[in-house]
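# Structure at a glance
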Amino acid sequence: MQIYRAHVLVCGGTGCVASSSEKLMSEFDTHLNNNNLASEVKIVKTGCFGLCARGPVVVVYPEGCMYTMVNVEDVKEIVEEHLLKGRIVTRLLETGQNSEGIETSLDGVEFFKKQLRIALRNCGVINPELIEEYIAFDGYKALAKVLTEMTPGEVVDTIKKSGLRGRGGGGFPSGLKWEFTAKAQDDQKYVCCNADEGDPGAFMDRSVLEGDPHSVIEAMAIAGYAVGANQGYIYIRAEYPIAVKRLNIAIEQAKQYGLLGNNIFGTNFSFDLEIRLGAGAFVCGEETALMTSIEGKRGEPRPRPPFPAIKGLWNKPTLLNNVETYANIPPIINKGAEWFASIGTEKSKGTKVFAVGGNINNTGLVEVPMGTTLREVVYEIGGGIPNGKTFKAAQTGGPSGGCIPASHLDVPIDYDSLIQLGSMMGSGGLIVMDEDTCMVDIAKFFLEFTVDESCGKCPPCRIGTKRMLEILERITDGKGTEGDITKLEILAKNIKAAALCGLGQTAPNPILSTLHYFKDEYLAHVNDRKCPAGVCKSMMQYVISAEKCKSCGLCVKACPVGCISGEKKVPYVIDNDKCVKCGACMEKCPFKAIFKNA
Amino acid sequence: MKSITELEELRKKALEKMGVRANTDGYRIVVGMATCGIAAGARPVMNSFMEELQKREIKNASVTMTGCVGVCRLEPIVEVIDPSGNKTTYVKMTSEKAVRIVAEHIVNGRVCLDYTIGYEDKK
Ligand SMILES: Cc1cc2nc3c(=O)[nH]c(=O)nc-3n(C[C@H](O)[C@H](O)[C@H](O)COP(=O)(O)O)c2cc1C
Ligand code: SF4
Ligand code: SF4
Ligand code: SF4
Ligand code: FES
Ligand code: FES
């Protein structure tokens, strides 16, 4: 391989070719030859540099000089000055930047303008594997403060005053929970972190642990001090290997710095932390099941009361909070309860992290003050619905939650408003659905999940959810009757009332909320045997429009079961008895002659 | 850790090392390495940055990683923080883009506009 002492990159992108980069290349050839440089300098044609407006663009390495608006006449000078004598042709250098008014940093884009990052304050900012970086951003300052300046009672009071509520789903006031655990009398207490995150589509907790594990560790130590516990457990699913690895590194580093272990900050407070891996069963996120699982037994829920604050791990008083709940603790201590309480709505303080997904342009993680409207999240932060489709509903709260229809887009997102609409905050999954979504199908999706994940301990949940799923399957198969809808309602109410744990108690919610807002869709399935959104395959047919079909035959090649037939000049037809509804033909038809007929 | 003073000293030292303050003279290249970043190919991008810096014997730049930035659809995401603290967010990164960013942004101080988040958003 020949070694060149310089590379000349000539942009060969469309923009620059249009402005004659081809001529430049041959001109370079000529002048390099004239100067006997052909064997030392290599000319490379590259793709677009993105500066088409200032093309043609030439970049010379190793200096990396970028010359713009290079004319054929300039080539001689570049070769003789730069390549031969090593003097950069400054008059051709590209210097001005951002001439197009493009935002260059995330901070400036719409996506972040409405966000407020408290739990995610360090995510994307620090290196999670270096404790020093966490410390650089005020890490462990809150722990130092509580240990040296505050009594445990004052810590509990601060959390109470802040108005923080649990981010794991239920929204129970965290300060109260801390107080109950602190007041319980026992020689041994525990602090636990729920990092199970079983909701489909949710990844808020994983992101906090991957991006800022120390914030959870610090918060758990603070909680340990406040409630009188010296041992903590983080329960995390094994399917989160990166989060587990970074947690392990973080715990190790915290121990090395004496931020975990004995006599932290020279006080007589000692605190240790261990990780417990879960197998990823949804029910293990339920608090009593989680603790049974930590004890090494099968993760099954047990009746409450007694609540964990009284009898938790190994029957000792235990404080259990969610990852995001913990991530809020250090800022509350550092900045004060009043600061936190000033953010959000009257009864929901602070911010909430959402994993926004589904039919939305900007899928991702967002953290917004409580009270931000759903419309702001969907349209201003989320960038709206792709492909010019309209918004139909947002699903929050996962399998325990429900749907919010377009008529309620202006709902301020907080615990109580969402409950009022028949949905719930849940842990923060937010799935946006457009006009092409079948709401009965969505309810079926969540029910399938619940049936799979039910632990089977109590009959209402084990048997009842299965029956509900069967009815939904009947309806989406086009075999439902109106009696089925009534049956669904009765079953749903009874299961809610009778199930042993939160899983069963909330499992009917997706059905109840879709029935409430989209009953007409259920009725269309049952009465007209039609799926208005064109999703349920049994009720939908692919048809070829005789007017639009140009008899090109392309759809025949696409069809995997060979059920399309036709001949030249005659519109093609689909044999609907054989069609497996794969949609391949519709995608292929260049004349958009194939339709879904719901 | 025996005292708050000790923590405070450590904090100051770490802050200086991170070069987030205006008076340090290095570039900080921060690669998003959460699950979705890694799935989108952040690891080879990070490696390319390190190789390129080494190859060009660039001393005033460091490569580090971080967690989820929030815009998972644009992963891999890399932020370049210049010596005066200005942040540039590059999205949908590849090894090739990394090489060009080192040449243009780190060496010549010119932002590669066409790889930035704003440019992507305008598309
Ligand atoms: C079936 C079921 C699954 C749950 N899954 C989770 C979970 O994955 N993560 C979580 O933090 N809480 C989950 N919870 C809620 C927990 O039981 C508990 O209320 C919460 O972790 C308490 O923390 P918080 O007060 O900080 O929200 C689940 C509850 C139920 C009923
Ligand atoms: S409600 Fe369901 S998950 Fe909960 S205990 Fe009963 S069967 Fe198990
Ligand atoms: S691809 Fe479209 S236009 Fe061509 S034969 Fe099939 S339906 Fe007709
Ligand atoms: S939907 Fe699929 S199976 Fe049916 S006609 Fe089209 S290509 Fe053939
Ligand atoms: S085509 Fe040359 S910079 Fe775009
Ligand atoms: S994990 Fe990369 S932006 Fe979310």
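Residues numbered from 1 in each chain as written. Chains lettered and ligands numbered in written order. Predicted model: local features only at pLDDT ≥ 70, side-chain atom pairs only at ≥ 80, totals over all residues. Heavy atoms only, no water.

### A short note on the overall build of chain B
Counting secondary structure elements, chain B contains five helices and four strands. In sequence order, chain B lays out its α and β elements as α-β-α-α-β-β-β-α-α. For chain B, the C-alpha atoms occupy an extent of roughly 50 × 30 × 25 Å along the three principal directions. By the burial criterion, 56% of the 123 residues in chain B qualify as buried. When contacts within chain B are restricted to residue pairs at least 6 apart in sequence, long-range pairs at least 24 apart make up 63% of them. For chain B, the accessible area works out to roughly 5300 Å², and carbon and sulfur atoms hold 50% of it. For chain B, the distance from the average position of its 19 positive side-chain charges to the average position of its 16 negative side-chain charges is 2 Å. (Helix = DSSP H or I, 4+ residues; strand = E, 2+ residues; numbered from the N terminus. Buried < 20%, exposed > 50% of the residue type's maximum accessible area, 1.4 Å probe, protein only. Contact = heavy atoms within 4.5 Å. Areas by Shrake-Rupley, 256 points an atom, 1.4 Å probe, with all protein chains shown as cover. Lys, Arg positive; Asp, Glu negative; His and termini not counted. Charge placed at Lys NZ, Arg CZ, Asp CG, Glu CD.)

### Looking at the packing of helix 18 (residues 439–453) of chain A against helix 19 (residues 459–476) of chain A
Residue and element names in this part refer to chain A. Interhelical geometry of helix 18 versus helix 19 gives an angle of 150° and a closest axis separation of 9 Å. Classified by the interaxial angle, the pair formed by helix 18 and helix 19 is roughly antiparallel. Considering how the two elements wind past one another, helix 18 and helix 19 form a crossing that is left-handed. Residues Val440, Asp441, Ala443, Lys444, Leu447, Glu448, Thr450 and Val451 of helix 18 pack against Thr465, Lys466, Met468, Leu469, Leu472, Glu473, Ile475 and Thr476 of helix 19. Grouping the constituent residues of the contact of helix 18 with helix 19 by class yields eight nonpolar, three polar and five charged. (Axes fitted to C-alpha atoms, helices over the stretch in contact; angles between N-to-C directions. Parallel < 35°, antiparallel > 145°, perpendicular 65-115°, else oblique. Left-handed = near helix turned anticlockwise from the far one by under 90°. Nonpolar A, V, L, I, M, F, W, Y, C, P; charged D, E, K, R; others polar.)

### Topic: the sheet that holds strand 4 (residues 87–90) of chain B
All names here are of chain B. Ordered by their spatial adjacency, four strands build an open sheet running 2-1-3-4, and the pairing between neighbours is mixed. The sheet is open, and its two borders are formed by strand 2 (61–66) and strand 4, each paired with just one other strand. Mean inter-strand twist for the sheet, computed between neighbouring axes without regard to direction, equals 20°. Contacting strand 1 (27–32), strand 2 and strand 3 (78–81), helix 3 (residues 42–55) runs over the sheet at an angle of about 165° to strand 2. (Pairing = 2+ DSSP bridges.)

### Regarding the side chain of glutamate 120 of chain B
All names here are of chain B. Here glutamate 120 is to be found in helix 5 (residues 117–122). Accessibility expressed as a relative area gives 13% for glutamate 120, which makes it buried. Of the polar contacts made by the side chain of glutamate 120, one reaches the side chain of lysine 92; its length is 3.0 Å. Non-local contacts of glutamate 120, meaning those with residues more than four positions away in its chain, are made with Leu74, Val91 and Lys92. (Polar contact = N/O pair within 3.5 Å; in protein donor to acceptor, adjacent residues only side chain to side chain.)

### Re the interface of chain B and chain A
Counting residues at the interface gives 48 residues for chain B, matched by 63 residues for chain A. Summed over the three residues of chain B that lose the most area to chain A, namely Met1, Arg110 and Leu113 of chain B, the buried surface amounts to 14% of that side. Our enumeration of links across chain B and chain A arrives at two salt bridges. Between arginine 11 of chain B and aspartate 138 of chain A there is a salt bridge, and its shortest N-O distance comes to 3.5 Å. Run the count over chain B and chain A and you get twelve residue pairs in polar contact (both at pLDDT 80 or more). Within the residue set of the side of chain B that touches chain A, elements represented by two or more residues are helix 1 (4–18), helix 2 (35–39), strand 2, strand 4, helix 4 (95–107) and helix 5 of chain B. (Buried area = accessible area lost by both parts, 1.4 Å probe. Salt bridge = Lys/Arg side-chain N within 4 Å of Asp/Glu carboxyl O.)

### Some points on the site of ligand 1
Residues and elements named next belong to chain A. Taken together, 18 residues sit near ligand 1, with Gly168, Lys177, Glu197, Asn322 and Thr325 positioned nearest. Note that an oxygen atom of ligand 1 is positioned 3.4 Å from one of the backbone N or O atoms of arginine 167. Within the backbone of glutamate 197, an N or O atom sits 2.9 Å from an oxygen atom of ligand 1. Placement of ligand 1 is best described as lying within the largest pocket. For the shell around ligand 1, the elements supplying multiple residues, two or more each, are strand 8 (318–322) and helix 21 (502–506). At three residues, strand 8 tops the list of elements feeding residues into the shell around ligand 1. Broken down by class, the residue content of the shell around ligand 1 amounts to three nonpolar, nine polar and six charged. (Near = heavy atom within 4 Å. 1 Å grid on protein atoms, 1.4 Å probe; cavity = no way out; pocket = protein on both sides within 12 Å on 5 of 7 lines; lining within 4 Å. Sits in = over half its atoms within 2 Å of the grid points.)

### A look at the packing of aromatic side chains
By convention here, two paired aromatic rings are described through the distance between centres and the angle between planes. Residue and element names in this part refer to chain A. This model, assessed by the stated rule, comprises nine aromatic pairs over all chains. Ring geometry for phenylalanine 445 and phenylalanine 446: centres 5.1 Å apart, planes at 75°, overall edge-to-face. Among the aromatic residues, ring-to-ring pairing joins Tyr190, Tyr233 and Trp314 into one connected group. Geometry around phenylalanine 591 places lysine 550 over its ring, the cationic atom sitting 5.4 Å from the centre. (Phe/Tyr/Trp six-rings, centres within 6.5 Å; stacked < 30°, edge-to-face > 60°. Lys NZ or Arg CZ within 6 Å of the ring centre and 35° of its normal.)

### Observations regarding the confidence of the model for chain B
Residues and elements named next belong to chain B. For chain B, the average pLDDT comes to 85, and 93% of its residues sit at 70 or higher. Across chain B, strand 3 holds the top mean pLDDT of 93, while helix 5 sits lowest at 80. Interface predicted TM-score (ipTM) for the complex: 0.76; the corresponding pTM is 0.81. (pLDDT = per-residue confidence, 0-100.)

### Concerning the pairing of strand 14 (residues 541–544) of chain A
Residue and element names in this part refer to chain A. Burial along strand 14 is one-sided: the residues Tyr542 and Ile544 are buried and none of Gln541 and Val543 is. Examined bridge by bridge, strand 14 and strand 17 (residues 594–597) share four bridges and lie antiparallel to one another. Looking at strand 17, one finds that tyrosine 542 is bridged to lysine 596.

### Points about the sheet that holds strand 6 (residues 231–237) of chain A
Within a sheet, neighbouring strands are paired by backbone hydrogen bonds and run either parallel or antiparallel to one another. Residues and elements named next belong to chain A. Read across the sheet, four strands follow the order 7-6-5-8 without closing on themselves; strand pairing throughout is parallel. Unpaired on one side and paired on the other, strand 7 (272–278) and strand 8 mark the two borders of the sheet. Here the average twist between neighbouring strands, direction ignored, is 20°. Of the strand pairs in this sheet, strand 6 and strand 7 are connected by seven bridges, and their pairing is parallel.

### Let's talk about the layout of surface pockets
Residues and elements named next belong to chain A. In this structure, the largest pocket occupies an estimated 1100 Å³ of space. Taken together, 40 residues line the largest pocket, and the ones lying closest to its centre are Gly168, Gly169, Gly170, Gly285 and Glu287. Elements represented by at least two residues in the lining of the largest pocket include exactly helix 8 (174–183), strand 8 and helix 21. In terms of residues, the lining of the largest pocket owes the most to one element, strand 8, which gives five residues. For the lining of the largest pocket, the class distribution of residues is 13 nonpolar, 19 polar and eight charged. (Points joined across faces, edges and corners; volume = space filled by probe spheres on them.)

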